[in-house]
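Coordinate inspection notes
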Amino acid sequence: MKQIKSFLDPPKILVFGFATVILIGALLLTLPIATEDGKGLSFLNALFTSTSATCVTGLVVVDTGDTFTMFGELVILSLIQVGGLGFMTFATFFFLLLGKRISLKGRLLLQESLNNTSIEGIVRLVKRILIFTAVIEIIGGVILSIRFSFDMPIGKAIYFGFFHAISNFNNAGFDLMGEFRSLTPYVDDPIVVLTVCLLITLGGIGFIVMSELYEYRDTHRLSVHTKVVLLTTLILTLGATILIFTFEYGNAKTLEPLSNTGKILGSLYQAVTPRTAGSNTLPIGDLTQPTLLLIIILMFIGAGSGSTAGGIKITTLAVLVAAAWAQIKGKEDVILFRRRILMETILKALTIALSALFLVIVLTMLLSITEKGHDFIMYLFEATSAFGTVGLSMGLTPELSPIGRVLIIFTMFAGRLGPLTIAFAIAMRRKPDAFRHPKGKIMIG
């Protein structure tokens, strides 16, 4: 009985659930009806694509627009939607449609899936998530459809508009433009750039933040979490835009051919997409070294907790920076917006950051062994993109060996669920020790 109860722990169910969705998607993509050539993908390529879609990453070994039929593209789009919102959110949606009550076990699973602090109001939050998602994706889809209608037939424009709206709101980065171009044809188009940037940002701040902003007119109050997410998002977006504009100014392959407005739009898009959408308007392989390093940092950080994005999350970064600042100032408490951060939160943030750093370093090392003949920054870039479920690539992904593809598949999976969730699912959680060890002193720094 204990073994059955242990198997039904929320982390294990989440890991098993995501793995099941990925496997179903992979099997569908191997069907002849899924690809233009009528042969279907090989199982490894199908597994890679399904993992990338379900984990809302966007790394691809074959071009989505050129390879798949509408059936295959709709399979990918469904995986993106399920992966972005979480399969538990969709399961709850169907239970609610059938008039069923959500059990305590289901509420605990939702809490784990959404990375929420408690189960109080969790079902109400799920309802809002579904409404917010539908409204945002429909508005984004309509705007993009109207814009694309000037370049293609109306039916195709609507399809493209909603595909890219759903893909980018869920921070997936899949596109239908073909030839691995992503959104580079629209680098200086303000409608496409600003709409997609807004979709990425809304998907990246998290549903808890959106819910609090929606309630603000009544409560006139925002939590510390929401304040940290909004402020950090603003700082990173503006700071990265200015730095990319500076680093790329004069680059004949990126910003130089564009108008002044195009230069700003290109810099803005490339500042927003690493957190963690994966589509791009500037050719990644032509970016300067400082810009590539900045993008790697942004991909590692990611966006907000409880969102469609990956990375260690901006709240983790904020807590670690606040802890370091408190140590420098000689203060005992870590303070954010006049609130003391619990030591448990600080230790969790440190564990997440170190686990992520370890995973990226190990993957970079392994890729440098299995995929020889490339610059080191390509391995680091690809590893960070996979962990952060970003999807940006310097061109290494389509050339990966079978071993390299398996390594990236595992990293995307770990990056979407989080290293701690994977660890908790594998490890046997012990009860707290009944005693405490004596204190030990270690010199640091």
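Residues numbered from 1 in each chain as written. Predicted model: local features only at pLDDT ≥ 70, side-chain atom pairs only at ≥ 80, totals over all residues. Heavy atoms only, no water.

Going by what an unreviewed UniProt entry lists, the chain is known as ATP synthase subunit J and is assigned to Domibacillus aminovorans. Of the comments in the UniProt record for the chain, the one headed Subcellular location (unreviewed entry) reads "Cell membrane". (UniProt positions renumbered as here; feature names shortened; annotations may be inferred.)

Looking now at the pattern of salt bridges. According to the stated counting rule, one finds three salt bridges in the structure shown. Between Arg 128 and Glu 215 there is a salt bridge, with its nearest N and O atoms 2.5 Å apart. Placement of Arg 128 in helix H8 (residues 122-148) and of Glu 215 in helix H11 (residues 207-219) is noted, with a sequence separation of 87 residues between them. A salt bridge links Arg 147 to Asp 189; the shortest N-O distance between them is 2.4 Å. Separated by 42 residues along the polypeptide, Arg 147 in helix H8 and Asp 189 in the loop between helix H9 (154-169) and helix H10 (190-205) bring together distant segments of the chain. In this structure, Arg 147 and Asp 189 share a single accessibility class: buried. In the salt-bridge network here, residues are joined through shared partners; they are Arg 147, Asp 151 and Asp 189. (Salt bridge = Lys/Arg side-chain N within 4 Å of Asp/Glu carboxyl O. Helix = DSSP H or I, 4+ residues; strand = E, 2+ residues; numbered from the N terminus. Buried < 20%, exposed > 50% of the residue type's maximum accessible area, 1.4 Å probe, protein only.)

Let us look at H10. Between the first and last C-alpha of H10 there are 22 Å, a value that for 16 residues agrees with the 22 Å anticipated at 1.5 Å per step. Buried within H10 we find Val 192, Val 193, Thr 195, Val 196, Cys 197, Leu 199, Ile 200, Gly 203, Gly 204 and Ile 205. Tucked into the core, H10 has its buried residues touching H8, H9, H11, helix H12 (224-248) and helix H13 (260-272). With a side-chain oxygen lying 3.0 Å from the backbone nitrogen of Ile 191, the N-terminal cap of H10 falls on Asp 189. Just past H10, the residue Gly 206 takes up positive phi, approximately 100°. (Expected span 1.5 Å × (residues − 1). Contact = heavy atoms within 4.5 Å. Polar contact = N/O pair within 3.5 Å; in protein donor to acceptor, adjacent residues only side chain to side chain.)

Here we take up the side chain of Ser 267. Checked against the element boundaries, Ser 267 lands in helix H13. When its relative accessible area of 0% is taken as the criterion, Ser 267 is described as buried. In this structure the side chain of Ser 267 is engaged in a polar contact, spanning 2.8 Å, whose partner is the backbone oxygen of Lys 263. The contacts of Ser 267, once residues within four sequence positions are left out, are Thr 241, Ile 244, Phe 245 and Leu 255.

By size, the foremost hydrophobic cluster in this structure holds 110 residues, and its most contacted members are Phe 48, Phe 148, Phe 174, Phe 381, Ile 408 and Met 412. If you tally residues by element for this core, the top one is H8, at ten residues. Excluding anything up to four places from it in sequence, Phe 381 contacts Ile 284, Leu 292, Ile 295, Ile 296, Met 299, Leu 392, Ser 393 and Met 394. Among the nonpolar cores identified, the runner-up in size contains eleven residues, and Val 228, Ala 322, Ala 326 and Ala 349 belong to it. (Core = buried A, V, L, I, M, F, W, Y, C linked by side-chain atoms within 4.5 Å.)

What follows concerns the packing of H8 against H10. Where H8 meets H10, the axes come as close as 10 Å, and the angle between the chain directions of the two elements is 165°. With respect to H10, the element H8 is oriented roughly antiparallel. The interaxial crossing formed by H8 with H10 has left-handed handedness. Residue-level contacts link Ile 136, Gly 140, Ile 143, Leu 144, Arg 147 and Phe 148 of H8 to Ile 191, Val 192, Thr 195, Val 196, Leu 199 and Leu 202 of H10. Along the lines of polarity and charge, the residues of the contact of H8 with H10 split into nine nonpolar, two polar and one charged. (Axes fitted to C-alpha atoms, helices over the stretch in contact; angles between N-to-C directions. Parallel < 35°, antiparallel > 145°, perpendicular 65-115°, else oblique. Left-handed = near helix turned anticlockwise from the far one by under 90°. Nonpolar A, V, L, I, M, F, W, Y, C, P; charged D, E, K, R; others polar.)

Further remarks concern the side chain of Thr 316. Relative to the helices and strands, Thr 316 is located in helix H15 (residues 314-328). Excluding its chain neighbours within four sequence positions, the residues that come into contact with Thr 316 are Ala 349 and Ile 352.

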